[in-house]
Each structure stands twice: as structure tokens, then as C-alpha cells.
Amino acid sequence: MNTYKNLQFSFIFLISLLATAQSWAAACCGGGSAIPSILTSDDQRQISGSYSYSQVDTDVFTNGVWQKRSVDDVTKIYKLEAAQIFADRYQTGFSIPIQTREKSGQEGGTSSGLGDISLQIGYEYLPDWDYNPYRPKGIGFLTLTTPTGKSIDASSDGRGLDSSGRGFWSLGLGTVLTKSWVFGQQAIDCNSIFEIHRSFSRHAQQSEMSGELNPGYGGSFLFGSGYSFSNWRIGASVSWMHEDPIQFKPDSVIVASSPGATQRNATGTLSTSYLFADLWSGTISYSDQTVFGDPTNSTLNKSFALVLQKRWAR
Amino acid sequence: MNPSLIIYSILGFLFFIGCARPNYQKQQTNTLPNIEAPTQTDQESSHQNNQASTNEPPLSPTTCPIYFTQKKLCAELIWEKQPTESETGSFTLQFYDTNHQPISFEANINLAIYLWMPSMNHGSSPMQIQLIGPGLYKIRRVYFIMPGEWDLHIQLKVNEQVQDEYVQKFTI
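The model shown is predicted, which means the values in this text are computed figures rather than measured ones.

Analysis parameters
Residues numbered from 1 in each chain as written. Chains lettered and ligands numbered in written order. Predicted model: local features only at pLDDT ≥ 70, side-chain atom pairs only at ≥ 80, totals over all residues. Heavy atoms only, no water. Helix = DSSP H or I, 4+ residues; strand = E, 2+ residues; numbered from the N terminus. Buried < 20%, exposed > 50% of the residue type's maximum accessible area, 1.4 Å probe, protein only. Pairing = 2+ DSSP bridges. Contact = heavy atoms within 4.5 Å. Buried area = accessible area lost by both parts, 1.4 Å probe. Salt bridge = Lys/Arg side-chain N within 4 Å of Asp/Glu carboxyl O. Patch = residues over 30% accessible without salt bridge, like charges linked within 9 Å, V, L, I, M, F, W, Y side chains within 5 Å. Areas by Shrake-Rupley, 256 points an atom, 1.4 Å probe, with all protein chains shown as cover. pLDDT = per-residue confidence, 0-100.

## A few points about the overall build of chain A
Here is step 1 of the chain: Looking only at helices and strands, chain A features one helix and 17 strands.
Here is step 2 of the chain: In chain A, which comprises 314 residues, the proportion classed as buried is 58%.

## Thoughts on the pairing of strand β3 (residues 73-86) of chain A
All names here are of chain A.
Here is step 1 of the chain: Among the 14 residues in β3, ten count as buried, and that is most of the element.
Here is step 2 of the chain: Here eleven bridges tie strand β1 (residues 43-60) to β3, and the two strands are oriented antiparallel to one another. Counted as the bridge partner of Ile-47 is Ala-82 from β3.
Here is step 3 of the chain: Across 14 bridges, β3 lies against strand β4 (residues 90-103) in antiparallel orientation.

## A short note on the environment of A:Ala305
Residue and element names in this part refer to chain A.
Here is step 1 of the chain: Mapped onto the secondary structure, Ala-305 falls in strand β17 (residues 298-313).
Here is step 2 of the chain: Judged by relative accessible area, which is 5%, Ala-305 ranks as buried.
Here is step 3 of the chain: It is 6.3 Å that separates the C-alpha atoms of Ala-305 and Tyr-53, two residues lying 252 residues apart in sequence.

## What to know about the interface of chain B and chain A
Interface size is commonly expressed as the accessible area that is lost once the parts come together.
Here is step 1 of the chain: Each partner contributes residues to the interface: chain B has 49 residues there, and chain A has 57 residues.
Here is step 2 of the chain: Summed over both sides, the interface of chain B with chain A buries roughly 4300 Å², with 60% coming from carbon and sulfur.
Here is step 3 of the chain: Run the count over chain B and chain A and you get two salt bridges.
Here is step 4 of the chain: Of the charged contacts, one joins B:Arg141 and A:Glu107 as a salt bridge, the two residues approaching to 2.9 Å between their closest N and O atoms.

## With respect to a nonpolar patch on the surface
Residues and elements named next belong to chain A.
Here is step 1 of the chain: Taken together, the side chains of Phe-86, Tyr-90, Ile-121, Tyr-123, Tyr-125, Leu-142, Leu-173, Phe-194, Ile-196, Tyr-217 and Phe-221 present a nonpolar region at the surface, about 1000 Å² in accessible area.
Here is step 2 of the chain: Of all the elements in the fold, those that place two or more residues in the nonpolar patch are β6 (118-126), β9 (186-199) and β12 (217-229).
Here is step 3 of the chain: When residues of the nonpolar patch are assigned to their parent elements, the largest contribution, three residues, is made by β6.
Here is step 4 of the chain: Tracing the sequence through the fold places Leu-142 in strand β7 (residues 137-145).
Here is step 5 of the chain: Given a relative accessible area of 43%, Leu-142 falls into the partly exposed group.

## Some details on the pattern of salt bridges
Here is step 1 of the chain: By the definition in use, this model includes 20 salt bridges over all chains.
Here is step 2 of the chain: Between A:Lys150 and A:Asp162 there is a salt bridge whose closest N-O contact spans 3.3 Å. With A:Lys150 in the loop between β7 and β8 (170-183) and A:Asp162 in the loop between β7 and β8, this residue pair connects regions lying twelve residues apart in the sequence.
Here is step 3 of the chain: Ionic pairing is found between A:Arg264 and A:Asp294, a salt bridge with its closest N-O pair at 3.2 Å. Of the two residues, A:Arg264 is situated in strand β15 (residues 263-275) and A:Asp294 in the loop between β16 (280-288) and β17; the sequence distance between them amounts to 30 residues.
Here is step 4 of the chain: Here the salt bridges do not stand alone but share partners, grouping A:Asp59, A:Arg69, A:Asp73, A:Arg101 and B:Glu85 into one network.

## Let's talk about the confidence of the model for chain B
Residues and elements named next belong to chain B.
Here is step 1 of the chain: Looking at chain B as a whole, its pLDDT mean stands at 80, while 74% of the residues score no less than 70.
Here is step 2 of the chain: Averaged pLDDT values for the elements of chain B fall to 42 in helix α2 (residues 42-47) and rise to 95 in strand β7 (residues 136-142).
Here is step 3 of the chain: Confidence over residues 40-54 falls short of pLDDT 50; this stretch has five contacts with residues more than four positions distant or in other chains.
Here is step 4 of the chain: Overall fold confidence for the complex sits at a pTM of 0.86, while the interface term, ipTM, reaches 0.85.

Set out below in C-alpha cells:
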């Protein structure tokens, strides 16, 4: 039974890396995933450092037309995430991204900046105390995304390269469900994450235009599975993202309002994780947004990510 | 039932129903059109073929390529250099009255031009506007910060208040 429990903890821990590795393939204009780094194992604390390399492959317009990007547009994100248990089944955490963007061409260049910092609080509403073969472990979470990154309308370099965030305050609610089945020294796990968030309006001022930006709701859903053996885990997942249109109401009565357009894409991810000694682990993943879903009004990226995580047992 | 079989069946189902269907468009060069004032149409040329008159009909809101309804002004846009994903472009903007005569603005009217991406509701880099003749402007550093569908806003302002506006759509 102890071996079974240890394997369960190891595999669930490796699953917890999955959410971190999912956050990379961000759409244009800064900003990233709203899926937080949640502590899904039975540990006290975890800290993750990650690096992702993401290249824009295709632009999808509102009419559904795909267009290959002809210039190199690369985003590198360095992210620090942490989560800590308090009061038994409660946890809190944060995510701090730093983004570097590089674009080729005559109007290209490089720019770096702080992205949108997010804070989270979670509660294990469905504990897995008796290792029921069917009932998953469930953690609900609340997230607050702060507009610490520079939004595209606040860009000052004239090319939008220094945009590193969405520019909106955002409040989110979601849940993580995990389940694993152990067969001797091997295990199969299944996980899903669902979140919905609401972004809040703000006034924007650009060179010749000023007015109110009114975002709406957004959400994402992830489903994944993995196979674990020894200290390795091989996993795959698909996540879908949706953002309501950002409506624009100009200050001038002559200029017409703009309703914006829905933004949607899907990310497929393959990952390999390894559990080192002393509760260290690493994950390498590849994400591709050109394979799944029905994208619209979005850039589609291909990304590599490397995650290193340290956890502390209770 | 073997849970692994259930999991992989679900994943397989999701994989096949969720696959993307790319709709790639072949990129074209020089895709941004000039917006010019009409010359005599072929029909009118044929009709007047044996006539001595060379007068063009007055421009109207239906025949004027860029028409400002409040100020009753006409304009045409001619690209000098097409912008691309990585390079800026430039164009000239000539203002006419309805009798095809170049017209200069009143002293208190300023010209403002900017790009706006309506799907994501953000702008692009500021352009440079230079008056080079009566009612003739050269606009430089026209740059689209990302591919997509864009609106070019041409505004006539008095004391920073928009009095009239024309919007032209482009896809780059």
C-alpha cells in the first residue's frame, strides 16, 4: 500500500507540471494562459522556474483565412511560479512572467518586459483520501490577473514589440480534476482543467484615438493524459481557449464604435517529465496551435518549454 | 472495464473531432489598392467619342472614391510604396472639391490619419503627415504591426475635435 501511495504521489506530482507547461503558446499582443500553477500533489509547497521559446507560425483572420507569417516573431517567456498549502486543504500561489520578444525585418527589434502577474487561491473540494478508482481529486481555484505588463495600446516603440500583457484586470474561477491508476511500477493518469474569467473595462489612449475598451468573458478547457513508468512520465493534452470580443467605444461621437471579434485557438502539447531525487523534477514539452480546434482572430504559435520544479513534502 | 482503454478512447475521439482545418491563403504582393477618383468611364468615352467637350462630370458621393460627408470634400489615395509585414509604406492623399479641383483646407482644419485593427481594437505606429502641395499630403511610415484586417481612419479635426471622418478597410 505504501508503494502504491508513493507512486500515486509521484505521478500526481508530475501531472502538476502539466498546467505550468501549458501556459506558453500565447496569442498576440502579450498575455498568456489563465491556467494557474496549482499544487495537485500532497506536498506542502512547490516552486517552478520555466523557460519557453515560442514562434508565431500563422495568423488566422476573422474570416477564417490562415496566413503564414513571413517574418520571424519569437517570444521567450521566463516564468517563476509557486504554490503553498495553508490550512490543510487551502493553497495560495503566484505566477510572475518576464517576456522577451524578437522580430526580424526592417521594422523588427527586441524588447523585454514584465508580463501580467497573477495570484491564486485554491481549495481541495474533492480530496482523494481513500484512492477511489473512479472519483477524481478536485481542486477549485480563484485567480486574479493584474495588468502589470504593457498592453498593445500602451506600446511606445511604434511596433508593438514592447507589449507584454493584455492590460486588463481579470478575475477567474476554475477547477482541476486529476485521477491516476497504478499498475505495479506503471501508472496512467488523466487530468482536466476548466476555467472561466472576466476582464474589466479600462480607458485607453493612443496617438490619435482614445476611448473605452470593454472586454468580456473568456475561458479555457484542458484535457490530458499520461503514462508513467519508473521516474518518467510521457503525456499529451489538448487545451481550448476562448476570449469574448474586446469592444471599443471612442470618446469622439463622430468615430463609430467597434465591436471587436471573438478570439479562439487550441493548443496541443506533448511532454516528457522526469522525477529526480530530493523532489526535483523537470519537464520538456512541445506545443502546437496549428493542429487542433477552429481558431479565429488569433496568432498560432509553435513552442518549446523547459520546466524545473522543486517541491517540499508535508 | 480497463480505465486506460477508456482514457485513450476519449483522447482518440477528441483528437479526430478536434483537428484543425487550415485554410491557407496564398500571400500576394501589392495587395493594397489605390483609391482613385474616377476618370471618364468607357461608356461616357464611347458616347462622347465624336464630341469636342472634355469636361468631366462633377464628383458626387457615389463617384468620389473617398468622400467626406460633412465637409463635402473628395480625396484619392495613391500608394507610393506598399507596406509589408516587415517594412513601412507611404502614400499620397489628394483632396478635391466636387469639381475635381485640388483644395486646401481652412486654416483651422487639421488632418489626422491612423491605423486601427477592429478585430482586436488596437492601433499601430504613428504615421508622418507632410503637406506637399495644395490639398496634397504625403503620408510616410505606414506600418501594420501585425497581419490582418485593418481600418485606415482619415479624420478632419478642428481644435482636436473630429469633424469628419472616412474609414478605408485593408487586409495585409
